[in-house]
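Listed here are the chains, written in short residue letters.
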Amino acid sequence: MFSVRSVHAIRGFPAVVVAAGLLTISLSGCHQAPSPDVLATVNGKSILQADVDRVYKQNLGDPAQPPSKEEAATQRLNILHQMIVDEIMQQRAAKLNLVATDEEVDAKLTDMKALATQEEFNQQLKQKNLTLEDLRREIRRSLTATKLQNKEIFSKVNISDAQISTYYAAHKSDFNLVEPQYHLARIVVTNEPSKQVANLQNNKATNDAEAKKKIQMLRNRLEAGEDFQSVAARFSEDPASTSNGGDFGFIPESQLQGDSEVYNAVTKLKAGQTTDTMPMVRAEGAQRKTVGYAIYLLIEKRPAGQRQLNDPNVQQSIRQGLRNAQAQLLETAYNEMLYNEAKIHNYLAEQVLKAGGV
């Protein structure tokens, strides 16, 4: 997946506001769309049906069962609303001279290309039905929104040492680990065919021979010095962790012991080391079936016991949590303020209400 800000997943805008916003726009009176292709306008700027349809198709993918007419219409309304919110933010950023520059877009594009070969990159564009210019436009909007949020929201977030101390005193038990925890990442290759491919290369082993060959190729890449996170993002077949570079967080020791082979291998590692290739098994009645292969990376081990306030990891964890909470509050209020100030016509919502449905 391309790491660009998606218009259908704008952070900080709650679903209840989405629904309320649609009804508010729709019930404020019907208006004639400037053309059949225009589904909404934001301060006079049009949002086109073709753009809504493109995002809808990207989100839909290849479902086992197509959505009903009502489900499809609801999804399009939600997509359109998020595009309205995104357009509001883009216009605000333009007024503040915060639009991303060509140099910033080029730098981000270079970073994205570094995660894949040119062939893989082109294949991803094709799958998303995007041209390179389409991608550059999405990158620019994503960077612009980030610059706006940094200036108008995140720059106003300030967490003091006193707040950290107060939080620690009230939640001290949360920092008492009753057992060791292991921060792990993994690269997974399964031997079963699947329509869903999680990695950037869009590559999937379909049988055990292919799986063994692929995991050995990935082992060779790691031994040659390639970055674990990059290899995982490009090739791993684990949908739960691939988008995070294989990182699947902290695992309590008791949970890790559920797989004795993995536990024995991981506990022998130092931070930064990887296991040998390990079989992944699934119980089928009294039998155990090999369903794939994995390589584990130990990022960090945290021993059991009480973590004190002077522990830098504790302070960083508390500070980040408090920052996130404060930023979310400010962002929600900021988005609502921008939304209230904008002149919006949602013609699609009006049409649905006028027709009594679809």
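Residues numbered from 1 in each chain as written. Predicted model: local features only at pLDDT ≥ 70, side-chain atom pairs only at ≥ 80, totals over all residues. Heavy atoms only, no water.

## Details of the overall build of the protein chain
When you go through the protein chain residue by residue, the secondary structure sums to 13 helices and nine strands. The buried share among the 358 residues of the protein chain stands at 40%. For the protein chain, restricting intrachain contacts to residue pairs at least 6 apart in sequence, the fraction spanning at least 24 positions comes to 75%. Accessible surface computed for the protein chain: about 19,900 Å², of which carbon and sulfur atoms make up 51%. (Helix = DSSP H or I, 4+ residues; strand = E, 2+ residues; numbered from the N terminus. Buried < 20%, exposed > 50% of the residue type's maximum accessible area, 1.4 Å probe, protein only. Contact = heavy atoms within 4.5 Å. Areas by Shrake-Rupley, 256 points an atom, 1.4 Å probe, with all protein chains shown as cover.)

## Considerations on the sheet that holds strand 1 (residues 38-42)
The strand order across the open sheet built from three strands is 2-1-9, with neighbouring strands paired in antiparallel fashion. The strands lining the two open edges of the sheet, one partner per strand, are strand 2 (45-48) and strand 9 (344-346). Strand-to-strand, the axes of this sheet are offset by a mean angle of 20°, without reference to chain direction. One ladder, built from four bridges, connects strand 1 with strand 2; its direction is antiparallel. What sits directly across from Thr41, in strand 2, is Ser46. (Pairing = 2+ DSSP bridges. Axes fitted to C-alpha atoms, helices over the stretch in contact; angles between N-to-C directions.)

## A few points about the packing of helix 3 (residues 69-95) against helix 6 (residues 132-152)
Interaxial distance between helix 3 and helix 6 falls to 9 Å at its minimum, and their mutual angle equals 70°. Considering their axes alone, helix 3 and helix 6 lie roughly perpendicular with respect to each other. Between helix 3 and helix 6 lies a crossing of left-handed hand. Residue-level contacts link Asp86, Glu87, Met89, Gln90, Arg92 and Ala93 of helix 3 to Arg141, Thr144, Ala145, Leu148, Gln149 and Glu152 of helix 6. The class makeup of the residues in the contact of helix 3 with helix 6 is four nonpolar, three polar and five charged. (Parallel < 35°, antiparallel > 145°, perpendicular 65-115°, else oblique. Left-handed = near helix turned anticlockwise from the far one by under 90°. Nonpolar A, V, L, I, M, F, W, Y, C, P; charged D, E, K, R; others polar.)

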